[in-house]
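Summary of structural features
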Amino acid sequence: MLNIENIHLTFDPGTPIEKHALNGVSLNLERGDYVTVIGGNGAGKSTLLNITAGTLFPDKGAVSVDGVNITHMPEYKRAQYLGRVFQDPRRGTATDMSIEENLALAYRRGKTRGLRWHINNKERKFYKERLATLDLGLENRLSDKVGLLSGGQRQALSLLMATLKEPKVLLLDEHTAALDPKTAKKVLELTNKIVNKYNLTTMMVTHNMRDALKNGNRLMMMYEGNIILDVKGEEKANLTVQDLLKMFETASGEEMTSDRMLLT
Amino acid sequence: MLIIQGAVSLGLIFSLMAIGVFLSFRILKMPDLSVEGSVILGAGMAARLVSGGVNPFLATAFAMVVGCFAGLVSGVLHTKLKIPGILAGILTMVASYSVVIRIMGASNVPLLPHGPQRVVSVFTFLTDAGLSRANAIILLSLVIVIVAGALLYCFMGTEFGSAIRATGNNQQMVRAQGINTDVMIIACLMLSNGLVALAGALWAQQQGFASVDMGIGTIVVGLASVIIAEVLFRPRMFWTSLIAIVIGSIIYRLIIALALSVDFMRPTDLRLITAVIVTIALCMPLIREKCSKIFAKKGES
Ligand SMILES: Nc1ncnc2c1ncn2[C@@H]1O[C@H](COP(=O)(O)OP(=O)(O)O)[C@@H](O)[C@H]1O
Ligand SMILES: [Mg+2]
């Protein structure tokens, strides 16, 4: 479903702060794969997601979704294939607009915006049903401005918006990292519920090793712009946090002490 | 009475400009200075065409188109050539001064009598019907403001308009929802500058001439009306904002008229007064806070 081939990206090439963020990353997500991605700060996780989403473009390599080459497709065009939730809850929604207006924008992902009215009553009913599944009482607040919502509510709404029109690939970049532990857990549960219900092909970056182990059917570890571990199914199910730490040490020759990956 | 009449007619005409400024500053959240140029483009185009014998309504429509074009230029400079918004606007504004002199053929164009020896303007058909000139200006401006406001409200409620509003909020999210933000920015700037040029065209016909220095301070005047509207009415919906701005624009004209009626004030003090009004309005939240603190303290003792 998502095919990434030999992606290279260097930031600020030829300068003293030159940074090889990705060094030939390749991966292939099957339809319905739910991969969790871990790795230390600066490992290149966000860069990989951004290249997939089209906010960054690779120096070399190719990205394709469902057989369509999107390597050079602008961000807004490839959005028809992708659902995204960002780390910062404010980035996924339009603050000054109402919940239903935000949903109506998301519901038209991949369609051209014409001169029809931005929302209709049939949609409203549908949004209410979907909001009710979040179990946050948002179904009764359709015309409330999103700016009035808490971070967790906004993130849940962002998740709903990203999946309202089923994406071919769902990209989640530490989408629970900015939330308090209880809310983070709730949003993660919602994520699993939605991903499983629609069998979405999903790539979820997390800094929490336990979450990475517990969720999804596949796990990847990144280090200095490379994927150093990629396990699936049974093999993944049997992994422990200790295993992950050991693998990281062998792969990198470093001990994981000061890194925030330890903060599980 | 005369003061009020004048304030209402100018207030109505300039509310179109204030709405244009509102679209760029508040909806798109981009401080677009090209509106300073669009006022004179609109005024100059209308003056030139009307004094050349063109139907005044057609001339006014043309003026709007020229304004839209200025918005297009700013928008392309900003989105395609990646020039910061404020600079893109300044470049367009500066260029407009040259363009408008080309259009007018001089730096000042009076709406001279032509044809059967009389001055025509969009207001003529109403004065012909027996209305006083002042009332004709108020009536027609009111109709234009209502029609423009209603059309704008409907447009902003469409899928396209909704995408424009979202673009001003959060471009990242808008692109993630598959919308080309460049198109939305350009469209909004065209709309904004078109409205400002419409105001310029009506203004030229109201005062009977167009000159290149008419545009100076447009931004601040427009902002003054928007801020007065926001401070006084705190509108929360798009349509309430529109109504509040029209009233704000009239209030601004009243304040100016009253200030200028004080003996030692001169007409050229207008821009100073405007700057003071905007400054006061901008500090209102701060003043409110200070006041409530003082009152709170008094309450304690
Ligand atoms: N826009 C940028 N400009 C320069 N360097 C960047 C940029 N974005 C990321 N980097 C660098 O690239 C590396 C990978 O970053 P990132 O993908 O954000 O890591 P993470 O795995 O923590 O998400 C880091 O060293 C980071 O500093
Ligand atoms: Mg990151």
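Before any of the text, the structure's been laid out above.
Here's what I pulled together on the structure shown here. The shown structure was predicted, so the numbers you read here are calculated from the model rather than taken from an experiment.

Summed over the entire model, instances satisfying the criterion amount to eight aromatic pairs over all chains. With centroids separated by 4.7 Å and ring planes inclined at 70°, the aromatic side chains of Phe-14 of chain B and Trp-203 of chain B adopt a geometry described as edge-to-face. Here Phe-14 of chain B is found in helix α1 (residues 2-27), whereas its partner Trp-203 of chain B is found in helix α9 (residues 181-207), with 189 residues between them in sequence. The buried category is assigned to Trp-203 of chain B, whose relative accessible area is 15%. With a centroid separation of 6.1 Å and 40° between ring planes, the pair formed by Phe-22 of chain B and Phe-238 of chain B is classed as tilted. On the criterion of sequence distance, the pair formed by Phe-22 of chain B in helix α1 and Phe-238 of chain B in helix α11 (residues 238-261) is long-range, its members being 216 residues apart. On the basis of relative accessible area, Phe-238 of chain B is assigned to the buried category, the value being 14%. An aromatic cluster is built from Tyr-107, Phe-126 and Tyr-127 of chain A, whose rings are joined through pairwise contacts. A cation over a ring is seen here: Lys-111 of chain A above Tyr-107 of chain A, with NZ or CZ 5.7 Å from the ring centre. Above the plane of the ring of Phe-14 of chain B lies Arg-253 of chain B, whose end atom (NZ or CZ) is 4.2 Å from the centre.

With that settled, consider the pairing of strand β8 (residues 201-205) of chain A. All names here are of chain A. With respect to burial, β8 is a largely interior element, five of its five residues being buried. Side chains Thr-201, Met-203 and Val-205 of β8 all project onto a buried face; the interleaved residues Thr-202 and Met-204 project onto the opposite face, where all are buried too. Here four bridges tie strand β3 (residues 34-39) to β8, and the two strands are oriented parallel to one another. If you follow Tyr-34 over to β8, its bridge partner there is Thr-202.

Turning our eyes to something else, we now look at the pattern of salt bridges. All names here are of chain A. The final tally for this structure, using the stated rule, is 19 salt bridges over all chains. One salt bridge connects Glu-75 with Arg-84, and the closest N-O pair in it is separated by 3.2 Å. On the basis of relative accessibility, which here comes to 8%, the residue Glu-75 falls in the buried class. The class for Arg-84 is buried, based on a relative accessible area of 13%. Here Arg-108 and Glu-123 are joined by a salt bridge, their closest N and O atoms 2.6 Å apart.

Conventions we followed
Throughout, residues of each chain are indexed from 1 in the direction in which the sequence is written. Both sets of labels track the order of writing: A upward for chains, 1 upward for ligands. Local features are withheld for residues below a pLDDT of 70 in this predicted model, meaning they are given only at 70 or higher, and side-chain atom pairs are given and counted only at 80 or more; totals for whole chains, interfaces and linings count all residues. As a rule here, side-chain values cover all heavy atoms of the structure and leave hydrogens and water aside. Side-chain rings of Phe, Tyr and Trp (the six-membered ring for Trp) are treated as a pair once their centres are within 6.5 Å; stacked means planes under 30 degrees apart, edge-to-face means over 60, and tilted covers the remaining angles. Labels follow the DSSP assignment, with helices taken as runs of H or I lasting at least four residues and strands as runs of E lasting at least two, numbered in each case from the N terminus. For the exposure calls, accessible area comes from a 1.4 Å probe over protein chains only, and a residue counts as buried if that area is under 20% of its type's maximum, exposed if over 50%, partly exposed in between. Charges are assigned to positions over rings by a cutoff of 6 Å between ring centre and Lys NZ or Arg CZ, combined with an angular limit of 35 degrees from the ring normal. A strand pair is defined by DSSP finding two or more bridges across the two strands. By convention in these notes, a salt bridge is any Lys or Arg side-chain nitrogen within 4 Å of a carboxyl oxygen on Asp or Glu.

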